[in-house]
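Survey of secondary and tertiary structure
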Amino acid sequence: MAEATVSADGLTRREFLYYIWGASIAVLTLEFTGLLIWFMLPRFREGEFGGTFTLGMDVMPEVNEPPFNFPDGRFWLVNVNNSIEIGCERMWMAPGDGDILGAAAIYKVCTHLGCIYAWVDANNRFECPCHGSKYRLDGRRIEAPAPRNLDRFKLLALDENENVLAESEIGNDGSYETLQLPPNTAFLQIDTGDRKDGGSQALLSNFPKNCP
Amino acid sequence: MATFYEQVREMGVKQATIAKADEIVERVTAGLNTNDIRSALKGDEPRRPNPRLRPHADGFWFHIRPSFYHTEVTHIYPTFRLGWLSTFMFVWETITGIFLMIFYTPRPGTAYSDIWNILTNVPLGALMRDLHRLGAEVMVLVVALHMLRTFITGSYKVPRQFTWLTGMLLLVLTLVLSFSGYLLPWDQLAYWAVTVAVSAAEAAPPAEIVGKNINLLVRGAPTFGPGGLLRWYLLHVLVLPLLTGIFIFVHYYKVVLHGHSLPPGREQIGEDTAKRVPKTERTYFTPDIITSELMWTALASLLLVVGSLWFYSAPLESQANPLVTPLHVVAPWYLAWSQGWLKLADKVFIAFIFIPALAVAFFVMPYIEVGKSRRYADRRVGLSVAMLFIAFMLISNWMGSPEYRVESSPDQEVFQELLPQEGHSVILSVPYEDLEIGTFEPGQEVAGNPALTDALREFEAAMNRHSCNLESDQWRDDCKPITGNDGTVTQYANNFTKDAMPDAEAVLIVEPEQHDMKRITLQIQSESPEGPVSTNTLAFRHLDAGYEED
Amino acid sequence: MQIKVVIGTIAFMLVMVILGVAALFEPARLGETTDAFVGRQVEKGAVLFHENCAECHGAEGKAIDCVDFAGEEKSCVGLPLNHAPLLCGEPSQRLQQVGWQSSKANYVSQTVAAGRPGTLMPTWSQDFGGPMEDYQVDQVTAFVLNWGEDPELCGEEAIVEAVDWPDSWEDLPQGDAANGPGLYQINGCAGCHGDPDNPGSAAVGPHLGNIGNVAATRVPGISAEQYIYESILNPNAFIVPECPSGPCAEPSVMRADYGFVLSEQDMADLIAYYLTLTSAP
């Protein structure tokens with residue numbers, strides 16, 4: 001039978017081999033669980049919500065104009081500039097803003113409890129029918145009960161050969177910043193699998209609007 | 001037992017924690033504390049009273065497992081581990097099946113594309129599918145071998161007749177499980193194989209009342225469609241696994257109740273000593289049987305994984321088309337015998353008399369058999385009958401293949417061998433770059449292109465099998481004329497087939513179709529009694545299609 | 001007993017390693033299998049195309065060399081599909097012309113599935129009474145779109161230099177009416193305008209049997225030749241009020257890319273040919 005290997009508590013070789021086996025089973029189980037999770041996580045193709053959508057530049061709205069609605073991707077496309085007068089009823093410089101310039105893809109789901117908010121043209125803002133959350137064109141919250149600004153998807157600018165020219169970066173508030181589109185942008189790509197929560201800045205209803 | 005707090009006060013935190021852990025281990029294992037486990041791992045004799053028996057007496061998971069086996073049944077002979085392997089395969093299929101269910105919906109419009117989704121968009125999806133399908137075929141084989149072993153060792157005799165009966169039931173359930181799963185990919189292979197097998201149901205006499213309604217129950221409609229797919233899916237994932245699981249328990253319970261049968265030479269004739277196991281001939285479950293079973297689990301898993309990754313690929317043909325039946329529809333190999341019989345006799349006789357009679361004979365055999373001895377020498381008749389039956393089944397299996405009696409015209413046979421509508425194709429497996437644009441003859445050597453040359457050689461071999469030589473000096477067999485009653489020649493034969501094309505000329509033409517796709521035409525021209533005849537078949541080969549791996 | 005422990009350990013470790021290796025190769029395998037699937041769809045689409053579509057659209061999809069089931073030559077009544085204005089770019093020129101809001105793939109598959117009522121393009125999908133199932137429509141669509149992947153069709157070298165068309169027809173070369181019937185067939189005119197000798201045969205556009213007479217009087221101040229010239233080059237120049245199936249569509253559904261496919265000589269020949277079509281109904 002087995003000789004006792006040198007060990008303080010009298011571990012025999014046979015017992016030791018069992019423990020090695022047990023360890024290998026444990027590691028295998030870990031690997032298997034990891035592979036299983038990889039197997040089970042759903043993947044989305046281009047054109048499916050959860051995947052990427054590639055749109056031509058013709059859908060880009062003019063600066064500070066009402067947003068472009070893309071229901072399949074569950075997002076609004078906005079083009080904002082808070083430093084100019086045009087469209088200031090929809091987008092303006094407010095305390096805590098900084099310079100906001102460029103495009104963003106805003107998730108259509110309200111950050112309060114998950115309803116789909118609407119763009120209300122007459123009031124020049126997003127309004128949620130469930131509990132009255134209101135947001136500015138760029139998604140910053142105007143009125144409670146919105147707990148944070150609207151969430152955004154990653155936006156990429158592509159040239160005509162679909163090479164990436166620029167992509168959204170994460171700002172100080174943890175959300176995607178607006179993306180300034182390079183001049184030779186031919187396509188916009190929105191990755192609906194990559195979403196960042198909106199930041200929590202002070203409600204805009206606390207401040208007067210500064211549209212002359 | 002003292003509470004944890006009291007124990008801490010008594011012996012300090014460290015000791016109390018160790019004692020508590022030990023207590024938990026003993027509770028979880030239903031009777032073994034850490035020292036008992038260690039002593040088992042070391043191979044020491046157990047302490048008295050033997051704690052290793054308690055998980056079997058008191059625990060749930062070990063309750064049905066015997067606390068010891070007779071040492072003689074723990075070796076490879078006589079069981080070859082086939083019963084254990086059958087159960088392992090059932091668990092294997094259940095687990096891989098459940099994972100596949102995550103990505104499959106049983107609806108004709110989506111089932112096929114779900115399979116492609118598993119292959120193209122699910123990480124390790126192809127592996128999971130291959131594991132499941134390979135596992136199914138292995139399970140059928142293992143269950144059949146287990147039945148053969150049980151017959152040969154006479155283990156079905158008194159008192160184990162009911163065990164055999166439940167085993168036969170499990171065999172039937174395994175076959176139906178495999179067959180119901182066969183339909184689910186909803187490709188041409190699945191659809192037509194199952195249609196053919198089930199079509200006998202419609203003829204159940206009296207056909208207008210019973211047959212028609214049995215057919216509607218089985219297919220959910222006069223032919224397979226959404227209703228049929230859903231019914232067979234429910235059978236496959238719910239009803240049949242449940243029944244199989246239940247009967248596995250019944251079957252195994254009976255095995256343990258009577259004691260696993262010993263090798264025939266070990267017992268007196270007519271006696272069954274499996275239950276009275278002397279202490280010197282016991283192999284205890286803990287640790288020896290557990291170690292064995294764990295090792296076999298590891299080996300079987302390894303073999304199945306290696307087999308699925310390198311040797312086996314689950315087939316997938318074109319989407320099921322209820323209006324087009326491809327040539328050479330074939331039942332899966334474990335049912336090919338029935339297809340063979342259906343070529344010989346009337347389907348009502350086969351499906352409702354012959355096969356049921358066989359099944360009944362198998363089920364009741366232990367109850368009507370008279371011999372008491374399990375020894376091989378005393379069972380020459382039975383063993384000979386078994387061997388003859390196996391030979392008969394193997395021949396029936398061959399008869400189920402298209403080679404028997406399903407020959408189309410010789411040119412179609414050549415096309416089917418080289419450019420079939422479905423399945424592996426000699427020509428399409430040639431790598432895309434090696435399919436040079438041009439016209440090629442059978443057996444032609446293409447310089448610097450061994451893949452194409454090999455394919456052309458197979459082309460030549462196929463032409464040889466199906467054509468013959470009337471006048472020209474080619475290397476084929478001479479045509480042997482077959483004359484009709486009025487003396488005119490009706491067809492020609494060669495040494496291979498009764499229907500051979502005389503003086504057939506064939507070419508393979510490869511042309512560009514699109515920038516990354518080629519068009520392949522096979523053309524055969526031969527002389528028929530009515531004059532020259534020319535047929536061709538067409539296929540397309542895309543750069544990415546990946547036929548080299550099929 | 002120990003040997004079983006060792007064997008068991010080795011077997012499990014091998015399984016671990018093998019699964020790990022398989023996982024490493026998996027992304028590449030997924031890509032290859034996806035490509036294989038798409039390739040096979042195109043292959044099956046080719047079979048369907050040749051069985052159903054080549055008769056009208058031509059074996060190469062260029063609306064030339066059409067052959068009927070008996071093998072006899074016939075005029076191609078379908079529009080060219082293997083054609084840069086239809087297949088190149090997203091959206092392609094043809095999609096912009098008809099104002100299609102969705103993708104090129106959807107345009108092709110929708111046209112195959114639903115056909116074009118009022119034209120000779122039948123419905124193919126079983127959803128609309130045709131013979132094909134959804135997956136077969138997808139396969140034909142994949143085949144047609146695959147022409148658009150050809151770098152020679154849509155690549156940089158393939159940009160067709162448009163002829164710099166003069167404003168007046170008089171600056172075109174001398175036209176030869178004898179080339180007219182051939183050009184009429186090759187360029188798919190019959191698909192919408194029918195057979196000039198057969199008054200009832202036009203399905204979409206006005207019948208041209210009497211265009212030689214009508215052209216001169218259609219628009220005051222514009223000669224017959226100039227009218228014909230501009231109508232071919234820019235279908236929206238003069239939209240006729242009446243078409244065979246009702247008022248003519250505005251904007252016009254006539255192809256606007258003849259400026260890319262005709263040469264100056266072709267244009268002159270066509271004008272000369274049309275002037276000879278003077279059989280009043």
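Note that this is a predicted model, so its numbers are computed, not measured.

Basis of the calculations
- Residues numbered from 1 in each chain as written.
- Chains lettered and ligands numbered in written order.
- Predicted model: local features only at pLDDT ≥ 70, side-chain atom pairs only at ≥ 80, totals over all residues.
- Heavy atoms only, no water.
- Helix = DSSP H or I, 4+ residues; strand = E, 2+ residues; numbered from the N terminus.
- Rg over C-alpha atoms; globule rule 2.2 N^0.38 Å.
- Buried < 20%, exposed > 50% of the residue type's maximum accessible area, 1.4 Å probe, protein only.
- Contact = heavy atoms within 4.5 Å.
- Areas by Shrake-Rupley, 256 points an atom, 1.4 Å probe, with all protein chains shown as cover.
- Pairing = 2+ DSSP bridges.
- Phe/Tyr/Trp six-rings, centres within 6.5 Å; stacked < 30°, edge-to-face > 60°.
- Lys NZ or Arg CZ within 6 Å of the ring centre and 35° of its normal.
- Buried area = accessible area lost by both parts, 1.4 Å probe.
- Salt bridge = Lys/Arg side-chain N within 4 Å of Asp/Glu carboxyl O.
- Nonpolar A, V, L, I, M, F, W, Y, C, P; charged D, E, K, R; others polar.
- Axes fitted to C-alpha atoms, helices over the stretch in contact; angles between N-to-C directions.
- Domains from an automatic or database assignment.
- Core = buried A, V, L, I, M, F, W, Y, C linked by side-chain atoms within 4.5 Å.
- Polar contact = N/O pair within 3.5 Å; in protein donor to acceptor, adjacent residues only side chain to side chain.
- pLDDT = per-residue confidence, 0-100.
- Parallel < 35°, antiparallel > 145°, perpendicular 65-115°, else oblique.
- Disulfide = S-S within 2.5 Å.

1. Quick word on the overall build of chain B
- On a plain count of helices and strands, chain B comes out with 18 helices and 10 strands.
- By the compact-globule yardstick of 24 Å for 550 residues, chain B is too spread out, its C-alpha radius of gyration being 30 Å.
- If you line up chain B on its principal axes, its C-alpha atoms span 105 × 60 × 50 Å.
- Out of the 550 residues in chain B, the part that is buried amounts to 49%.
- Contacts in chain B between residues far apart in sequence, at least 24 positions, make up 65% of those at least 6 positions apart.

2. Concerning the overall build of chain A
- Scanning chain A from terminus to terminus reveals 1 helix and 11 strands.
- A compact globule built from 212 residues should have a C-alpha radius of gyration of about 17 Å, whereas chain A, at 26 Å, is more than 25% larger.
- Its C-alpha atoms give chain A principal-axis dimensions of about 95 × 45 × 30 Å.
- Within chain A, buried positions represent 46% of all 212 residues.
- For chain A, restricting intrachain contacts to residue pairs at least 6 apart in sequence, the fraction spanning at least 24 positions comes to 55%.
- Total accessible area on chain A stands at roughly 10,600 Å², and carbon and sulfur atoms take up 54% of it.

3. A few points about the sheet that holds strand 6 (residues 125-127) of chain A
- Pairing within the open sheet is antiparallel, and its 4 strands lie in the order 5-6-7-8 (chain A). The two strands at the open ends of the sheet, each matched to only one other strand, are strand 5 (118-120) and strand 8 (141-143) of chain A.

4. Some remarks on the packing of aromatic side chains
Residue and element names in this part refer to chain A.
- Under the defined criterion, the tally for this structure stands at 46 aromatic pairs over all chains.
- Relative to Phe126, the ring of Trp76 has its centre 5.5 Å away and its plane inclined at 50 degrees; by these criteria the two rings are tilted. Of this pair, Trp76 sits in strand 3 (residues 75-81) while Phe126 sits in strand 6, and the two are 50 residues apart along the sequence.
- On the accessibility criterion, Phe126 (0% relative accessible area) is buried.
- Geometry around Trp76 places Lys108 over its ring, the cationic atom sitting 4.8 Å from the centre.

5. Observations concerning the interface of chain B and chain A
- Listed by partner, the interface residues are 21 residues for chain B and 19 residues for chain A.
- Carbon and sulfur atoms supply 65% of the area that chain B and chain A bury against each other, a total of about 1,900 Å² over both sides.
- Two residues, Arg38 of chain B and Glu15 of chain A, come together in a salt bridge whose shortest N-O distance is 2.3 Å.
- Elements with a minimum of two residues in the side of chain B that touches chain A: helix 3 (34-42), helix 7 (108-121), helix 8 (125-152) and helix 13 (285-311) of chain B.
- Ranked by the residues each element gives to the side of chain B that touches chain A, the list is headed by helix 13 of chain B, at 5 residues.
- Residues belonging to the side of chain B that touches chain A are distributed by class as follows: 12 nonpolar, 6 polar and 3 charged.

6. Some details on the sheet that holds strand 8 (residues 505-514) of chain B
All names here are of chain B.
- Pairing is antiparallel across the open sheet formed by 4 strands, whose spatial order is 3-8-9-10. Single-partner strands in this sheet number two, and they are strand 3 (438-440) and strand 10 (531-542). Pairwise comparison of adjacent strand axes, ignoring direction, gives a mean angle of 20 degrees for this sheet.
- Two strands pair when backbone bridges link them, and strand 8 and strand 9 (residues 517-528) are joined in this way by 9 bridges, in the antiparallel orientation. Each residue of the ladder has a partner; that of Leu508, found in strand 9, is Leu522.
- Lying on the sheet, helix 17 (residues 410-418) is in contact with strand 9 and strand 10; it crosses strand 9 at an angle near 155 degrees.

7. Points about the domain arrangement of chain A
- Domains assigned within chain A are domain 1 (1-41) and domain 2 (52-196).
- Each of domain 1 of chain A and domain 2 of chain A has a C-alpha centre, and the two are 53 Å apart.

8. Things to note about the environment of Gly56 of chain A
All names here are of chain A.
- Mapping Gly56 onto the fold places it in strand 1 (residues 52-56).
- The sequence separation of Gly56 and Phe126 amounts to 70 residues, and the corresponding C-alpha distance is 24 Å.
- Contacts of Gly56, omitting those with residues within four sequence positions, involve Ala186 and Phe187.

9. Considerations on the nonpolar core
- By size, the foremost hydrophobic cluster in this structure holds 48 residues, and its most contacted members are Trp92, Phe151 and Trp164 of chain B.
- The dominant element in this core, judged by the number of residues it contributes, is helix 1 (residues 2-52) of chain C, at 9 residues.
- When neighbours within four sequence positions are excluded, Trp164 of chain B is seen to be in contact with Met147, Thr150, Phe151, Tyr156, Phe362, Phe363, Met365 and Pro366 of chain B.
- Residues Trp116, Leu184, Tyr191 and Trp341 of chain B belong to the second largest nonpolar core, which totals 35 residues.

10. Focus on the interface of chain C and chain B
- Across the boundary between the two partners, chain C contributes 39 residues, which contact 42 residues of chain B.
- Remark: the boundary between chain C and chain B carries 0 salt bridges.
- One can count 13 residue pairs in polar contact (both at pLDDT 80 or more) joining chain C with chain B.
- For the side of chain C that touches chain B, the secondary-structure elements that each account for two or more residues are helix 1 and helix 6 (134-147) of chain C.

11. Quick word on the side chain of Thr12 of chain A
All names here are of chain A.
- You can see Thr12 is positioned in the segment before helix 1 (13-40).
- Take Thr12: its relative accessible area is 14%, and that puts it in the buried class.
- Among the polar contacts listed, one links the side chain of Thr12 to the backbone nitrogen of Glu15, at a separation of 3.1 Å.

12. Let's talk about the environment of Ala204 of chain B
- Within the secondary structure layout, Ala204 of chain B lies in the loop between helix 10 (188-198) and helix 11 (207-219).
- Beyond its immediate stretch of four places on either side in the chain, Ala204 of chain B contacts Val210, Gly211, Ile214 and Phe352 of chain B.

13. Considerations on the confidence of the model for chain B
Residues and elements named next belong to chain B.
- On average, residues of chain B score 91 in pLDDT, and 99% of them reach the 70 mark or higher.
- The element-level mean pLDDT for chain B is lowest in helix 1 (residues 4-11), coming to 79, with helix 6 (residues 82-101) highest at 97.
- Listed scores for the predicted complex are pTM 0.88 and ipTM 0.88.

14. Considerations on the packing of helix 1 of chain C against helix 6 of chain C
All names here are of chain C.
- Where helix 1 meets helix 6, the closest approach of the two axes is 7 Å, and the angle between their N-to-C directions is 95 degrees. Here helix 1 is positioned roughly perpendicular relative to helix 6, judged by the angle of their axes. Residues Gln41, Val42, Lys44, Gly45, Ala46, Leu48, Phe49 and His50 of helix 1 form the contact with helix 6, whose own contacting residues are Gln136, Asp138, Gln139, Val140, Ala142, Phe143, Val144, Asn146 and Trp147.

15. Quick word on the pattern of salt bridges
- Applying the stated rule across the entire model yields 28 salt bridges over all chains.
- We note a salt bridge from Lys62 of chain C to Glu60 of chain C, for which the minimum N-O separation is 3.7 Å.

16. Section: the state of the cysteines
- Following the criterion strictly, the structure yields 4 disulfides over all chains and no others.
- Put simply, Cys115 of chain A and Cys130 of chain A are joined by a disulfide, and their sulfur atoms are 2.0 Å apart. Around the S-S axis, the bridge from Cys115 of chain A to Cys130 of chain A shows a dihedral of about -95 degrees and counts as left-handed. One end of the pair, Cys115 of chain A, is in the loop between strand 4 (101-107) and strand 5; the other, Cys130 of chain A, is in the loop between strand 6 and strand 7 (134-135), with 15 residues separating them in the sequence.
- Note that Cys243 of chain C is cross-linked by a disulfide to Cys248 of chain C, the S-S spacing being 1.9 Å. Between Cys243 of chain C and Cys248 of chain C the disulfide shows an S-S torsion of about 100 degrees. By sign, it is right-handed.
- A relative accessible area of 14% means that Cys248 of chain C is categorised as buried.
- Looking at Cys56 of chain C, it has no disulfide partner, and the nearest cysteine sulfur is the one in Cys66 of chain C, 6.7 Å off.
- Classification of Cys56 of chain C by relative accessible area gives partly exposed; the value is 24%.
- The cysteine Cys189 of chain C is free of any disulfide, with Cys192 of chain C supplying the nearest cysteine sulfur at 9.2 Å.

17. A few points about the side chain of Ser175 of chain A
All names here are of chain A.
- Summarising the element assignment, Ser175 is placed in the loop between strand 10 (164-167) and strand 11 (187-196).
- Only 3.2 Å separates the side chain of Ser175 from the backbone oxygen of Asp197, close enough to count as a polar contact.
- Those residues in contact with Ser175 that lie beyond four places of it in its chain are Arg152, Glu169, Ile170, Lys196, Asp197, Gly198 and Gly199.

18. Overview of unusual backbone geometry
Residue and element names in this part refer to chain B.
- Across the junction of Val158 and Pro159, the peptide omega takes the value 0 degrees, indicating a cis bond.
- Note that Pro159 resides in the loop between helix 8 and helix 9 (161-183).
- Omega for the bond connecting Thr286 with Pro287 falls within 30 degrees of zero, at 0 degrees, which places this linkage in the cis form.
- Tracing the backbone shows Pro287 in helix 13.
- In the Ramachandran plot, Phe80 falls in the positive-phi region, its phi being about 55 degrees despite a non-glycine side chain.
- With respect to the element layout, Phe80 can be found in the loop between helix 5 (76-79) and helix 6.
- Under the relative-accessibility criterion, Phe80 is labelled partly exposed at 45%.
- Although it is not a glycine, Asp503 adopts a positive phi angle of roughly 50 degrees.
- Relative to the assigned elements, Asp503 resides in the loop between strand 7 (501-502) and strand 8.

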